[in-house]
Amino acid sequence: MTSLKREYASENGTELNALLPKMSPLNPQYLTKKQKVFQKLTLFIEKFKGVGGQL
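## A closer look at the overall build of the protein chain
Part 1 of the argument: Per the secondary structure count, the protein chain includes 3 helices and 0 strands.
Part 2 of the argument: Tracing the protein chain from N to C terminus, the helices and strands come up as α-α-α.
Part 3 of the argument: Across the 55 residues of the protein chain, 18% fall into the buried class.
Part 4 of the argument: Here the analysis covers contacts within the protein chain between residues at least 6 apart in sequence; of these, 45% occur between residues at least 24 apart.
Part 5 of the argument: By element, 57% of the accessible surface of the protein chain is carried by carbon and sulfur atoms, the whole surface being about 4,400 Å².

In structure tokens:
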């Protein structure tokens, strides 16, 4: 995942959307789900930042 290599997560681009469950962007729960997934991804990146040296 590019976010792990960059050591920060971005809400822009297609990678975050690829992680989301299959649901329509018109679904009222879509933005809430996207925000929760982004928060979890950000925590994951922060937790493992710098582990493993160069990727």
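## Some remarks on the nonpolar core
Part 1 of the argument: Counting 8 residues, the largest nonpolar core consists of Ala 9, Leu 16, Leu 20, Tyr 30, Val 37, Phe 38, Leu 41 and Ile 45.
Part 2 of the argument: No other element matches helix H3 (residues 30-48), which puts 5 residues into this core.
Part 3 of the argument: In contact with Phe 38, not counting residues within four places along its chain, are Ala 9, Ser 10, Glu 11 and Leu 16.

## A look at the packing of aromatic side chains
Part 1 of the argument: For the coordinates displayed, the defined rule picks out 1 aromatic pair.
Part 2 of the argument: Centroid distance Phe 44 to Phe 48: 4.9 Å. Interplanar angle 50 degrees. Geometry classified as tilted. With Phe 44 and Phe 48 both in helix H3 and 4 residues apart, this pair spans about one turn of that helix.

## With respect to the environment of Thr 42
Part 1 of the argument: Assignment of secondary structure puts Thr 42 in helix H3.
Part 2 of the argument: Sequence separation between Thr 42 and Glu 11 is 31 residues; the distance between their C-alpha atoms is 9.9 Å.

## Describing a nonpolar patch on the surface
Part 1 of the argument: Taken together, the side chains of Phe 44, Phe 48 and Val 51 make up a nonpolar region of the molecular surface, amounting to roughly 290 Å² of accessible area.
Part 2 of the argument: Note on placement: Val 51 falls in the segment after H3.
Part 3 of the argument: The exposure class of Val 51 is exposed, given its relative accessible area of 56%.

What counts as what
Residues numbered from 1 in each chain as written. Predicted model: local features only at pLDDT ≥ 70, side-chain atom pairs only at ≥ 80, totals over all residues. Heavy atoms only, no water. Helix = DSSP H or I, 4+ residues; strand = E, 2+ residues; numbered from the N terminus. Buried < 20%, exposed > 50% of the residue type's maximum accessible area, 1.4 Å probe, protein only. Contact = heavy atoms within 4.5 Å. Areas by Shrake-Rupley, 256 points an atom, 1.4 Å probe, with all protein chains shown as cover. Core = buried A, V, L, I, M, F, W, Y, C linked by side-chain atoms within 4.5 Å. Phe/Tyr/Trp six-rings, centres within 6.5 Å; stacked < 30°, edge-to-face > 60°. Patch = residues over 30% accessible without salt bridge, like charges linked within 9 Å, V, L, I, M, F, W, Y side chains within 5 Å. Salt bridge = Lys/Arg side-chain N within 4 Å of Asp/Glu carboxyl O.

Purely geometric numbers; function is a separate question.
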